[in-house]
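# Coordinate analysis (summary)
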Amino acid sequence: MNKIKYDAVVVGGRIGGSTASLFASKNGLDVLMIEKNQEIGTPVQCAEATSSSTFKTLEMEPSSKYVCNEIKGADIYAPDGTHGHLEGGYAEGFILERKLFDKQLAIESAKAGTDIMVKTTVKDLIRRNGQICGVVAKHMGHTIEVEADLVIAADGIESRISKMAGLKTHQSPQSLCSCAQYEMVGVECDPHYLQFYFGEKIAPGGYVWIFPKGDGIANVGVGVRSDTETAYSFLKKFTSTMDATPVELNMGGVPVYGPVKKTYTDSLMVVGDAAGQVEPFTGGGIHVTAQCARIAGEVAAEAIEKENTSGNFLKKYEKLWQKEVGKDLKQSLKYRKIMDQLTDKEMNIVAEFLIEQDLESISKMAVLGFVRDYPQFLKLLKDIL
Ligand SMILES: Cc1cc2nc3c(=O)[nH]c(=O)nc-3n(C[C@H](O)[C@H](O)[C@H](O)COP(=O)(O)OP(=O)(O)OC[C@H]3O[C@@H](n4cnc5c(N)ncnc54)[C@H](O)[C@@H]3O)c2cc1C
């Protein structure tokens, strides 16, 4: 058995892991990041859309090395085809090539000093007198003990590490959106606008997306919460009438019921999907994970410098990420809960109303007028008014 020692060990090498490692290393820590897959960034489980805030958080440029397309807005379709168009604002952003982006982020982290092990799976936490002090990992049949003062769990939606540490990060099936996506060639769509389609028949509890990557290539995917039919089955139905062909199939789950209650304990912090740090309404997690994981990396550095990795100190991480994204995630969850209660007919009515509005600043007068005409929505809208 090999034995090694670091200030911090980060489990998981995608957006959460690389970001936490990058900022921990930049702030002077000795960091080891461990990724179970043989290549950082694959397989992709993402529709690859993100906002410019991600690059700001990561202090990276949206380079053509890993950005394949710029997005100027979005087209949104209600179940009856009622169509709203969003120009700029929240809908603006980029389509990443995540295979390249995630790898580049790991490269940045390595350049800042992070050591990385790929094709290595963390199997257990090491505890001494009940205190977490590292991880046990397996690499090509060999067992490795990594001693570390801090562990950062960035191991995604099925996070085992945070559960081993006693945190309640389990996501119930109802709080997960199951997704299936093809990257397709020959998709006819405007290359600079995202498309979203809603409706019980095509995507119960979620939506269908077409995110253009340019040159007739697009991510076409479906997210659903259904007990009876899989996301893949909905995807096959949606794409069956398209004159386009897949070159990749991705599947995965997205936590859409908000962050977990506690994201730290003695000597451990949990970030990204593992912590449910995803916008519940859209399912977007890249920008939120980047923000939270950066905070985790910075708090890790402070904890090591002050020789205090107690939960009492690490709660600073939760306070800071709550301050930065907590309010937005709560608001987004309210929208998700409202969406969950709407029938297709009601969605059509809401869509008719919304296309008349400036979505960035809907006036209370307009909403009151809507509720006067459709009093059945009063109870739902009370939550967001
Ligand atoms: C189909 C789909 C489409 C999406 N589309 C978008 C989108 O367009 N925009 C957006 O913002 N968000 C999107 N998301 C969400 C986004 O992809 C995630 O929020 C984000 O990738 C979370 O990053 P993460 O690093 O926390 O977790 P992950 O990306 O899940 O990374 C976890 C990593 O940990 C590794 N790992 C797990 N266990 C271990 C272990 N024991 N030892 C070592 N390594 C381990 C895994 O191999 C993996 O590489 C989408 C998600 C899905 C599923």
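Residues numbered from 1 in each chain as written. Predicted model: local features only at pLDDT ≥ 70, side-chain atom pairs only at ≥ 80, totals over all residues. Heavy atoms only, no water.

## Digging into the site of the ligand
Close contacts around the ligand come from 34 residues, with Gly 16, Glu 35, Ala 47, Ala 49 and Asp 273 the closest. Here Gly 16 contributes a backbone N or O atom positioned 2.8 Å from an oxygen atom of the ligand. Within the backbone of Glu 48, an N or O atom sits 3.2 Å from an oxygen atom of the ligand. Protein coverage of the free-state accessible area of the ligand, which is 1000 Å², stands at 92%. (Near = heavy atom within 4 Å. Polar contact = N/O pair within 3.5 Å; in protein donor to acceptor, adjacent residues only side chain to side chain. Areas by Shrake-Rupley, 256 points an atom, 1.4 Å probe, with all protein chains shown as cover.)

## Observations regarding the sheet that holds strand S4 (residues 67–71)
To summarise the sheet geometry, strands pair through backbone hydrogen bonds and adopt either a parallel or an antiparallel arrangement. Ordered in space as S3-S7-S4, the three strands form an open sheet in which the pairing is antiparallel. The open sheet has two free edges, formed respectively by strand S3 (49–50) and S4, since each of these has just one partner strand. Looking at chain direction, S4 and strand S7 (residues 93–96) are connected through four bridges and run antiparallel. Residue pairing for S7: Ile 71 is matched across the bridge by Gly 93. (Pairing = 2+ DSSP bridges. Helix = DSSP H or I, 4+ residues; strand = E, 2+ residues; numbered from the N terminus.)

## Points about the nonpolar core
Leu 29, Leu 150, Met 269, Leu 314 and Tyr 317 are the most contacted members of the largest nonpolar core, which has 31 residues in total. When contributions to this core are tallied by element, the ones reaching two or more residues are strand S1 (2–11), helix H1 (15–26), strand S2 (31–34), strand S11 (142–153), helix H6 (286–305) and helix H7 (311–341). Here the element with the most residues in this core is H6; it accounts for ten residues. Residues within four places of Tyr 317 in sequence aside, it is in contact with Thr 263, Met 269, Val 270, Val 271, Gln 277, Cys 292, Ile 295, Ala 296 and Val 299. Grouped together as the second largest cluster of nonpolar side chains are 29 residues, Cys 177, Trp 209, Phe 211 and Leu 380 included. (Core = buried A, V, L, I, M, F, W, Y, C linked by side-chain atoms within 4.5 Å. Buried < 20%, exposed > 50% of the residue type's maximum accessible area, 1.4 Å probe, protein only. Contact = heavy atoms within 4.5 Å.)

## Regarding the UniProt feature "domain: Digeranylgeranylglycerophospholipid reductase catalytic" (unreviewed entry) in the protein
With numbering aligned to this structure, UniProt lists the feature "domain: Digeranylgeranylglycerophospholipid reductase catalytic" (unreviewed entry) at residues 177–242. Regarding residues 177–242, the helix share stands at 14% and the strand share at 45%, and the terminal C-alpha atoms are separated by 24 Å. (UniProt positions renumbered as here; feature names shortened; annotations may be inferred.)

## Observations concerning the domain arrangement of the protein
Under the domain assignment used here, the protein contains domain 1 (2–75 + 86–172 + 259–330), domain 2 (174–255) and domain 3 (337–382). The gap between the C-alpha centroids of domain 1 and domain 2 is 26 Å. Across the boundary between the two partners, domain 1 contributes 29 residues, which contact 24 residues of domain 2. Buried area between domain 1 and domain 2, both sides added, is near 2200 Å², and the carbon and sulfur share of it is 50%. When the buried area of domain 1 at its contact with domain 2 is split by residue, Ala 47, Asp 75 and Ser 172 rank highest and sum to 23% of it. Inspection of the domain 1/domain 2 interface yields three salt bridges. The closest approach of N and O atoms between Glu 248 and Lys 99, which form a salt bridge, is 2.6 Å. Inspection of the region where domain 1 meets domain 2 yields 21 residue pairs in polar contact (both at pLDDT 80 or more). Sorting the residues of the side of domain 1 that touches domain 2 by element identifies S4, strand S5 (73–77), strand S6 (83–87) and S7 as the ones contributing at least two each. Broken down by element, the side of domain 1 that touches domain 2 gets its largest block of residues, four residues, from S4. Tallied by class, residues from the side of domain 1 that touches domain 2 come to 13 nonpolar, eight polar and eight charged. (Domains from an automatic or database assignment. Buried area = accessible area lost by both parts, 1.4 Å probe. Salt bridge = Lys/Arg side-chain N within 4 Å of Asp/Glu carboxyl O. Nonpolar A, V, L, I, M, F, W, Y, C, P; charged D, E, K, R; others polar.)

## Here's the deal with a positive patch on the surface
Taken together, the side chains of Lys 36, Lys 123, Lys 138, Arg 160 and Lys 163 make up a positively charged region of the molecular surface. A residue is classified by how much of its surface remains accessible, and Lys 138, at 36% relative accessible area, is partly exposed. (Patch = residues over 30% accessible without salt bridge, like charges linked within 9 Å, V, L, I, M, F, W, Y side chains within 5 Å. Lys, Arg positive; Asp, Glu negative; His and termini not counted. Charge placed at Lys NZ, Arg CZ, Asp CG, Glu CD.)

## Observations concerning the state of the cysteines
Following the criterion strictly, the structure yields zero disulfides and no others. Of all cysteine sulfurs in the structure, the one in Cys 46 sits closest to Cys 68, which takes part in no disulfide; the separation is 11 Å. Look at Cys 68 and you get partly exposed, because its relative accessible area is 28%. (Disulfide = S-S within 2.5 Å.)

## Some thoughts on empty space enclosed by the protein
All chains considered together, the criterion is met by one cavity of 30 Å³ or more. The computed volume of the largest cavity comes to approximately 30 Å³. Val 44, Glu 48, Glu 97, Lys 99, Gln 181, Glu 183, Lys 213, Asn 219, Glu 248 and Asn 250 together form the lining of the largest cavity. Looking at the lining of the largest cavity, the elements with two or more residues in it are strand S12 (176–185) and strand S16 (245–255). Residues of the lining of the largest cavity, tallied by class, amount to one nonpolar, three polar and six charged. Each of domain 1 (2–75 + 86–172 + 259–330) and domain 2 (174–255) accounts for three or more of the residues forming the lining of the largest cavity. (1 Å grid on protein atoms, 1.4 Å probe; cavity = no way out; pocket = protein on both sides within 12 Å on 5 of 7 lines; lining within 4 Å. Points joined across faces, edges and corners; volume = space filled by probe spheres on them.)

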